Amino acid sequence: MADKLPPKQRTKIPRQAMPEQPALERARNFAEVNLGLDAAVAEKEAQRCLTCADPKCSHGCPVGVQVREVVDLVRDGDYLRAAAKLREDNVLPAVTGRVCPQENQCEGACILGKRFAPLAIGHIERFVADYERATGEIGLPEPASPTGKKVAVVGSGPAGLSCAGDLTLKGHEVTVMEALHELGGVLVYGIPEFRLPKEIVRNEIENMRKMGVNFETNVVVGKSVTIDQLMNDEGYDAVFIATGAGLPKFLNLPGEHLGGVYSANEFLTRVNLMKAYDPEHYDSPVYTCRDADVVVIGGGNTAMDAVRSALRLGAKSASIIYRRGEAEMPARKEEQHHARDEGVTFLTMHNPLQFLGNDQGLLTGVEVQQMELGEPDGSGRARPIPIAGSEKVVPASVAIVAVGTGANPLVQSSTPEINTNKWGYIQADDDNLRTSKRGVFAGGDIVSGAATVILAMGAGRTAAASIHEYLTTGDWPTAE
Amino acid sequence: MYRILEARFLAPDVKLLRLEAPRVAKMRQPGQFVIVRVHDQGERIPLTIADSDPETGSVTIVVQGVGKTTKMINQLDEGDALLDVVGPLGAASEVEDFGTSVVIGGGVGTAIAYPTAVAMKQAGNHVISILGARNRQLVILEEEVRATSDELFVMTDDGSGGEQGFVTTKLQQLLDDKREINHVLAIGPVPMMKAVAEVTRPAGIPTVVSLNPIMVDGTGMCGGCRVLVGGETKFACVDGPEFDAHLVDFETLVQRNRMYRDQERAGLCQLEMAHPKVGPQHHP
C-alpha cells in the first residue's frame, strides 16, 4: 500500500503518459493505438490525486463515477475492488476509459488541472477495467430480488446498456432489443477497432448477461414489433427508447450518388461491423482504398475515425476537408493529434462544392472552395465565408461524408402518440425522460441529438431511476 | 438461427426457401423485405418476402443465385439455417382498389410482385398479370400468380413459353387495345422497370417499381441505398423499396449497383474455387 504523499509532492509527479503504438506502424494496422498503463504507472498516476473532500471529477462525470474512491483503491494496489467500485455506476468501464472525452468531463473538472495537468482519470479507469478483465474475476454487482416487472430497452448502444444495467440491479427483468446482428450499437458499428476493440465491447456485454440482462438481436422495434405490442401482448411494463441518432446527413451536392461516395455510417459499418478490412475472411466489400486518394468531409470524431480507417485500408492519401479551422473542429484533440501523426492531411478552411465522376459513374475528385472565417453564427462559431475564385479540384476515388446524423424515425413513425420535435427527435422530459406515452421513456441521442457515449450512458441512468420510480409507484404525472 | 423449413428450386439458380421467423411472419405486409446473413463472416443482403404465415411463424423468400452470398443461400436445404433474418423492413406496398391493376414480374421479380398481386386482388382490383423471362424455364410461380389474377400473360424473349416478346410488348398491346389501366406495378431487372416506366409515362398511368439498391443495415442508418427520386435523395430501405417509376432516376441506380462489381466477381471466384459445383443449379 502506497502512502499518501503530501499534496505538494503529489503535484511534483508529472502526468503519466499513455504508451501508444508508433504512429507510422499503427497507421497500417487495426490494432489498438493506445496500449494502456501498467500497474506501476497507474499507481504512480493515482498518487497525483489530491483526494479532494468534494471531488469535482465525480460531478463532471455524466454517470457520476466515484472517481476519488476508485483512485484511492488503485493507489492502494487494490485493483479489483477499484473495478467493482467503478462498476457500481458504470456498466462499460473498459469502453468509457477508452472513448470518453475526459478532457471535458471528469478531467476537465479536476482541481489539479487548474495549475498542472489534470489527473489521467480515463487512463486509470481503463487500466482498472483491463486489469479486471485479464484476471477474469469480474466484480459484478448483485441484483436486488426480482420485482416481477418487465422492461424492454430499444437499442443496445451506450444509453440502452446503461439503463438495462441499472434496472437489472434493481430487480427488474430487462430485455434489450437490437436491430443489427451484433450488440453494442454505435460502439460496434461506429467506433473503429483501433480506438475500441470489439472484443472489449463483447466482454462488457457478456458481463451484463451474467448480471441477468436479456438480449435479443435482429429485432427492429417499429417494424418487427411495435411498442404497443411489447406493452400489450408481450407483457412489458415499461419501454426505454434508446435508438440513437443514426440517420446519416448528406450534403446534397451534385455527384453525391457517384460510386465511391459514402456516408461515414456506411463506410464505418462496412469496415467495423462487417470487417471489410479483412476481405480474405469477410464477404462485405468496401470500395477499395488501397493506393487510393481518400477524402473525408467533416471535423468531428466520426470524421477522424473514417479518415484513420481509410489510412489503415492502405490509402495513398487520406485527407480531412473541413470548412473551418483546426481549432474549431469538434473532434477530440487527442484524435486530431493521432490522425496527424499517422499521416492524415488536414485541408481546413475548405468547403466541398461538388463531386466529380467518370463515365462509369465512379468518383474522381471533389471540387472545393477556400473559406475565411467571419463573425460568429447561430452555433457561436465563426461563420465560414467562401472566397470567390478559390475553387480547385482535390483528386479522390473515395469520399466519405461525415457531417452529422439525424434521428431515425422507425420507432416514432410506428407509435404516433410519442411526440417528436421538428427534427424528428423524441420529446422527453429533461428530468425523468418520460415521453408523451404512458410507460414509455426515451434518452440518449434520440432525444438530445448526436452526443457522446458517456452522455448517452448518463441518460440511460436517469431513465433507469425514473423507470424504477414509475414501476414502483405507478405514478405518471401529466404535464400541466 | 433461423431454420429452413422448406427449400426447392423454382428455376435454374432460383430457389424458394421457407424460413422460421415468427416476429417477421406476424408483422409482414406485401412489398416488405428481410435482411439475412448466412454465416458469421457473411454480408447482410436484402431479400424481398414472397409470402408469410403468421400461424406457423414462417416467411418465404425466393433467391436467385447471382453473387457469392445468394449462391451460398441456394446451397442450403431443409433443416439448414440462416444465421440472421431481420425484418420486416421497408414500407408496405400501397394497396387499394384502383380499378384495373397490372402487375408485372420479370424473372425472379415475380416472387416479389406476387404478394402485392394477391393484395391487389383482395382489395377488389381487376388484376392483369404479365410475367416475363428469357425462356420458359425461368418463368416462376406461374400457377400461383394465375390463381390470383383475372388475366395472365406470359412473355418469353425466345418464345419458348407463352408469347414471344417483352413484358412491355404486352403492356403496350393492352394500351393500344384501349384497355383501361389504372395502376401498374413492375418488379424485375432495372432495364425492364425503366422500360415499363417509359411505356406508361405518356398515358400518365400511376406506375410503381420496387428498387433493389446496395444496402447494409436496412433501417436507414447507412445511407448506402440512397436513390434519386424526383431529384430528391431517398433511402430505399425506409422510404421504399417501392417508388413512383416516373420519378426514379434509373441511370444513377444502375451506376450505384455497379459499384462493387469487381469485388463481387472476386467473391464469386473464391466461392467457386471452394465449391466447384456451384455453377448453375437445376431443379429436378
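Residues numbered from 1 in each chain as written. Chains lettered and ligands numbered in written order. Predicted model: local features only at pLDDT ≥ 70, side-chain atom pairs only at ≥ 80, totals over all residues. Heavy atoms only, no water.

Engineer: Explain the packing of aromatic side chains to me, please; I cannot follow it from the model alone.
Structural biologist: The description of an aromatic ring pair uses the distance of the two centres, along with the angle that the planes make with each other. Per the stated rule, a full pass over the model turns up 10 aromatic pairs over all chains. For the pair Phe250 of chain A and Phe235 of chain B, a centre-to-centre distance of 6.1 Å together with 80 degrees between the ring planes defines the contact as edge-to-face. With Phe250 of chain A in the loop between strand 5 (247-248) and strand 6 (261-263) and Phe235 of chain B in strand 15 (residues 232-235), the pair connects residues from two separate chains. For Phe235 of chain B, a relative accessible area of 8% translates into the label buried. Taken together, the ring pairs connect Phe30, Phe194 and Tyr277 of chain A into an aromatic cluster. The cationic tip of Lys150 of chain A hangs over the ring face of Tyr236 of chain A; the distance from NZ or CZ to the ring centre is 4.5 Å. Residue placement shows Arg312 of chain A over the ring face of Phe194 of chain A; its charged tip is 3.8 Å from the ring centre. (Phe/Tyr/Trp six-rings, centres within 6.5 Å; stacked < 30°, edge-to-face > 60°. Helix = DSSP H or I, 4+ residues; strand = E, 2+ residues; numbered from the N terminus. Buried < 20%, exposed > 50% of the residue type's maximum accessible area, 1.4 Å probe, protein only. Lys NZ or Arg CZ within 6 Å of the ring centre and 35° of its normal.)

Engineer: Please clarify how the sheet that holds strand 9 (residues 126-133) of chain B should be interpreted in this entry.
Structural biologist: Strand pairs in the sheet, formed through backbone hydrogen bonds, run parallel or antiparallel to each other. Residue and element names in this part refer to chain B. Read from one edge of the open sheet, seven strands run 11-10-9-8-12-13-16, paired in mixed fashion. In the strand order of this sheet, the two ends are held by strand 11 (163-164) and strand 16 (242-244), each with one partner. Relative to strand 10 (residues 151-156), strand 9 is paired through six bridges, and the arrangement is parallel. Residue pairing in the sheet places Ser129 in a bridge with Leu152 of strand 10. Sheet strands in contact with helix 5 (residues 167-176) are strand 8 (100-106), strand 9, strand 10 and strand 11, and its direction is about 150 degrees off that of strand 9. (Pairing = 2+ DSSP bridges. Contact = heavy atoms within 4.5 Å. Axes fitted to C-alpha atoms, helices over the stretch in contact; angles between N-to-C directions.)

Engineer: Sorry if this is basic, but what is going on with the confidence of the model for chain B here?
Structural biologist: When pLDDT is low, close inspection of the predicted coordinates is not appropriate. All names here are of chain B. Summary statistics for chain B give a mean pLDDT of 89 and a share of 92% for residues scoring 70 or more. Summarising per-element confidence for chain B, the mean pLDDT is lowest in helix 8 (residues 261-274) (65) and highest in strand 16 (96). Contacts for the low-pLDDT stretch residues 276-284, under 50 throughout, to residues beyond four places or in other chains number 20 contacts. Both scores are available for the predicted complex, with the pTM at 0.90 and the ipTM at 0.86. (pLDDT = per-residue confidence, 0-100.)

Engineer: Please explain the pairing of strand 15 of chain B as it appears in this structure.
Structural biologist: One face of the sheet, then the other: side chains in a regular strand alternate in exactly this way. Bridging between strand 14 (residues 226-229) of chain B and strand 15 of chain B involves four bridges; their strand directions are antiparallel. Looking at the pairing, Leu228 of chain B lines up with Thr233 of chain B of strand 15 of chain B.

Engineer: Whenever I open this one, the sheet that holds strand 3 (residues 214-216) of chain A confuses me. Can you help?
Structural biologist: All names here are of chain A. Spatially, the five strands line up as an open sheet ordered 3-2-1-4-16, and their pairing is parallel. Because the sheet does not close on itself, it has two edges, and the strands there are strand 3 and strand 16 (440-442). Taking the axes of each pair of neighbouring strands and ignoring which way they run, one obtains an average angle of 20 degrees across the sheet. Relative to strand 2 (residues 173-177), strand 1 (residues 150-154) runs parallel, the two being bridged by five bridges. In the strand pairing of strand 2, Val153 is matched with Val176. Against the sheet, helix 10 (residues 158-169) touches strand 1, strand 2, strand 3 and strand 4 (238-241), its axis set at about 165 degrees to strand 2.

Engineer: What exactly am I supposed to notice about the interface of chain B and chain A here?
Structural biologist: Note: interface size is frequently given as the accessible area lost on complex formation between the parts. Each partner contributes to the interface: chain B provides 47 residues, whereas chain A provides 49 residues. Both faces combined, the contact of chain B with chain A buries some 3,800 Å², and carbon together with sulfur accounts for 51% of it. Contact with chain A buries surface across chain B, with Arg23, Met221 and Arg226 of chain B losing the most and accounting together for 20% of the total. The tally of links between chain B and chain A comes to four salt bridges. Linking Glu216 of chain A and Arg23 of chain B is a salt bridge whose minimum nitrogen-to-oxygen distance equals 3.0 Å. In this structure, the connection of chain B to chain A is made through 18 residue pairs in polar contact (both at pLDDT 80 or more). Among the secondary structure elements, those contributing two or more residues to the side of chain B that touches chain A are helix 1 (22-27), helix 2 (68-73), strand 7 (84-89), strand 14, strand 15, helix 7 (250-257) and helix 8 of chain B. Each residue belonging to the side of chain B that touches chain A can be placed in one class, and the counts come to 19 nonpolar, 15 polar and 13 charged. (Buried area = accessible area lost by both parts, 1.4 Å probe. Salt bridge = Lys/Arg side-chain N within 4 Å of Asp/Glu carboxyl O. Polar contact = N/O pair within 3.5 Å; in protein donor to acceptor, adjacent residues only side chain to side chain. Nonpolar A, V, L, I, M, F, W, Y, C, P; charged D, E, K, R; others polar.)

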